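Inside the fold
Next come the chains, spelled out residue by residue.
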Amino acid sequence: MLETENYWAPRTCLKLPIPEYETAAEMLSEAADAILTEDFDLAGELVRRADMDVLFKHSHTIQWKLDPHILRKRLMKEPVAKLAKVSSRMPCTELIQSIFARDGWRCRFCGCRVVLAESRKIMSKALPGAIPWNMKKIDYSHGAFFAMSASLDHVVPHSAGGTNEEDNLVTACHPCQFGRGAFLLEEVGLIDPRTRPPVRDGWDGLGRLLRKVRAPVANQESVGPASPKRAGLSMAEWCASLDAMYPASSGRLIQLLDGCADLNVSRQVGEVLLIVRLKIGEVGLGILGVRSNGLVEIPWHIAGQKDAFKCFAEAIADAIPEASVYETPKHWVVSKADKQLLNILDFLEAADTLRPALKLLRSALLADRKG
Ligand SMILES: [Zn+2]
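Residues numbered from 1 in each chain as written. Predicted model: local features only at pLDDT ≥ 70, side-chain atom pairs only at ≥ 80, totals over all residues. Heavy atoms only, no water.

On to the overall build of the chain. For the chain, the helix and strand inventory stands at 13 helices and 9 strands. In the chain, the share of contacts with a sequence separation of at least 24, taken over all contacts with a separation of at least 6, comes to 69%. Of the roughly 17700 Å² of accessible surface on the chain, 55% is carried by carbon and sulfur atoms. (Helix = DSSP H or I, 4+ residues; strand = E, 2+ residues; numbered from the N terminus. Contact = heavy atoms within 4.5 Å. Areas by Shrake-Rupley, 256 points an atom, 1.4 Å probe, with all protein chains shown as cover.)

The following block contains the structure:
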């Protein structure tokens, strides 16, 4: 993308993050909690959802500089004096961890949340095959873990004489770190990230997995005690958050769900997500999840009921302009073009269809039980 007017203006990062970073971070956080409570099905499902193509493409473009406008390298009027390299490339682990903590486990350039490599490895062992990983090659890696991989960046690059002193080190995501490479900030027009204070908001880089999960997870033995569940939003807070993004949408959704209560449809709000559940006999499905930022995921968690769910997904998609259904190994997923998530306004287009679609789903589930 060519931003003609401010092309050479100083910037905070090589390319601004897209909203999917935050959505994926929430999913990975919920997945980490699910691992800690040994709900590996749910954890696997969340990790799969966080593996968004759009995130991989975005971060891949930065890291491997696939877009010629990423670097914007400028000719310096005066050659920049580069000092001799200091001897050691990387500081000790304790210092790296203290820098990550100081920076709130967020990239100091683009501001995205980062995930520790050690936590990714624990999740990978707990969920075999769920996290494709090829960091050193231009090859597919898990979209969210690739985009949000934690890294330590030398503000003055090591190759230009940058030291391992704390004030020369900042947390970065892999794309910001490897995208800039060994260039000085001024060579690529980046504002010094140290001029902005770090943002600390409780994100932990999923480091809680390191503290809580004992080593034998890989052998499918028990994991450590469950982490205390972080306080979630109240229903009123969730509605306020949704309405701030999409005015009056929470009332319309609640009214719609209340109208389906006789079909055993219930709702439950968690950290940022409202899950709409449908219960038929012993079968309980999370038919959709609505995030407080308005993104809607259909389905949410329907372990094992993929075939029965297809008719529901198709009916909802038919009622929403430009929506369609695509298949994954475990689901039929309702989405917009390019597999983008629906938002609450898209979903409300299907308001009149929800009840008949739920009835279709009930019939399909009952037929499955009989079959
Ligand atoms: Zn970054």
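This brings us to the pairing of strand S8 (residues 332-335). Because side chains alternate across S8, one face comprises the buried residues Trp332 and Val334, and the other comprises Val333 and Ser335, equally buried. Here strand S7 (residues 324-327) pairs with S8 via 4 bridges, running antiparallel. Within S8, the residue paired with Glu327 across the bridge is Trp332. Between S7 and S8, which pair antiparallel one after the other, the connecting turn spans 4 residues. (Buried < 20%, exposed > 50% of the residue type's maximum accessible area, 1.4 Å probe, protein only. Pairing = 2+ DSSP bridges.)

Further remarks concern the coordination of the zinc ion. Summarising the metal site, the zinc ion is bound by the protein donors Cys107 (SG), Cys110 (SG), Cys173 (SG) and Cys176 (SG), whose distances to it range over 2.2 to 2.4 Å. All donors of the zinc ion come from a single chain, and their spacing in sequence reads C-x2-C-x62-C-x2-C. Cys110 carries the same exposure label as Cys107, and that label is buried. (Donors = N, O, S within 2.8 Å, 3.2 Å for Na, K, Ca; no water.)

This part covers the sheet that holds strand S3 (residues 265-269). Two strands in a sheet stick together by hydrogen bonds in their backbones, pointing the same way (parallel) or opposite ways (antiparallel). Read across the sheet, 5 strands follow the order S3-S4-S5-S6-S9 without closing on themselves; strand pairing throughout is antiparallel. Each of the sheet's edge strands pairs with one partner strand only, and the pair in question is S3 and strand S9 (342-343). Set on the sheet, helix H10 (residues 249-258) makes contact with S3, strand S4 (273-280) and strand S5 (283-291); between it and S3 the angle comes to about 145 degrees. (Axes fitted to C-alpha atoms, helices over the stretch in contact; angles between N-to-C directions.)

Our focus in this paragraph is the packing of helix H9 (residues 235-245) against H10. Relative orientation of the contacting elements H9 and H10 amounts to 125 degrees, with a least axis distance of 8 Å. One finds that H9 runs oblique with respect to H10. Contact residues: Met235, Trp238, Cys239, Leu242 and Asp243 in H9; Ser249, Ser250, Leu253 and Ile254 in H10. Residues of the contact of H9 with H10, tallied by class, amount to 6 nonpolar, 2 polar and 1 charged. (Parallel < 35°, antiparallel > 145°, perpendicular 65-115°, else oblique. Nonpolar A, V, L, I, M, F, W, Y, C, P; charged D, E, K, R; others polar.)

So, about the side chain of Glu297. Within the element layout of this structure, Glu297 appears in strand S6 (residues 295-297). Judged by relative accessible area, which is 2%, Glu297 ranks as buried. Polar side-chain contacts of Glu297 include one of 2.8 Å to the side chain of Arg49. A polar contact is formed between the side chain of Glu297 and the side chain of Arg291, at a distance of 2.9 Å. The contacts of Glu297, once residues within four sequence positions are left out, are Met27, Arg49, Ile287, Leu288, Gly289, Arg291 and Leu341. (Polar contact = N/O pair within 3.5 Å; in protein donor to acceptor, adjacent residues only side chain to side chain.)

Before going further, it helps to spend a moment on the packing of aromatic side chains. The tally for this structure, following the rule as stated, stands at 4 aromatic pairs. With centroids separated by 4.5 Å and ring planes inclined at 45 degrees, the aromatic side chains of Phe56 and Tyr140 adopt a geometry described as tilted. Of this pair, Phe56 sits in helix H3 (residues 53-63) while Tyr140 is found in the loop between helix H5 (117-126) and helix H6 (143-147), placing the two residues 84 residues apart along the sequence. The side chain of Arg72 reaches across the aromatic face of Tyr7, ending 4.4 Å from its centre. Sitting over the ring of Trp332, Lys306 keeps its end group 5.4 Å from the ring centre. (Phe/Tyr/Trp six-rings, centres within 6.5 Å; stacked < 30°, edge-to-face > 60°. Lys NZ or Arg CZ within 6 Å of the ring centre and 35° of its normal.)

A word on the pattern of salt bridges. A complete count under the given rule lists 21 salt bridges for this structure. In this structure, the salt-bridge partner of Glu22 is Arg113, at a minimum N-O distance of 3.0 Å. A residue pair is termed long-range when its members are at least 10 positions apart, and Glu22 in helix H1 (residues 20-36) and Arg113 in the loop between helix H4 (93-102) and H5 qualify at 91 residues. Between Lys57 and Asp53 there is a salt bridge whose closest N-O contact spans 3.7 Å. Of this pair, Lys57 and Asp53 are both found in helix H3, 4 residues apart, which corresponds to roughly one turn of the helix. A single network of salt bridges, built from pairs that share partners, joins Glu26, Glu30, Glu45, Arg48, Arg49, Arg291 and Glu297. (Salt bridge = Lys/Arg side-chain N within 4 Å of Asp/Glu carboxyl O.)

With 8 of 11 residues buried, helix H2 (residues 40-50) is to be regarded as a mostly interior element. For H2, the set of buried residues is Leu42, Ala43, Gly44, Glu45, Leu46, Val47, Arg49 and Ala50. In this structure, the buried residues of H2 make contact with H1, H3, H5, H6 and S6.

In globular proteins that are soluble, nonpolar side chains generally tend to be buried together. One finds Leu28, Cys107, Phe109, Met123 and Met148 to be the most contacted residues of the largest nonpolar core, which totals 61 residues. Per-element accounting of this core gives the leading share, 10 residues, to H1. Mapping this core onto the domain boundaries places at least three of its residues in each of domain 1 (20-219) and domain 2 (235-370). Once residues within four sequence positions are removed from consideration, Cys107 is found in contact with Cys112, Val114, Thr171, Ala172, Cys173 and Cys176. The next biggest cluster of nonpolar side chains, apart from the first, holds 44 residues, and it includes Tyr246, Val296, Ile320 and Leu365. (Core = buried A, V, L, I, M, F, W, Y, C linked by side-chain atoms within 4.5 Å. Domains from an automatic or database assignment.)

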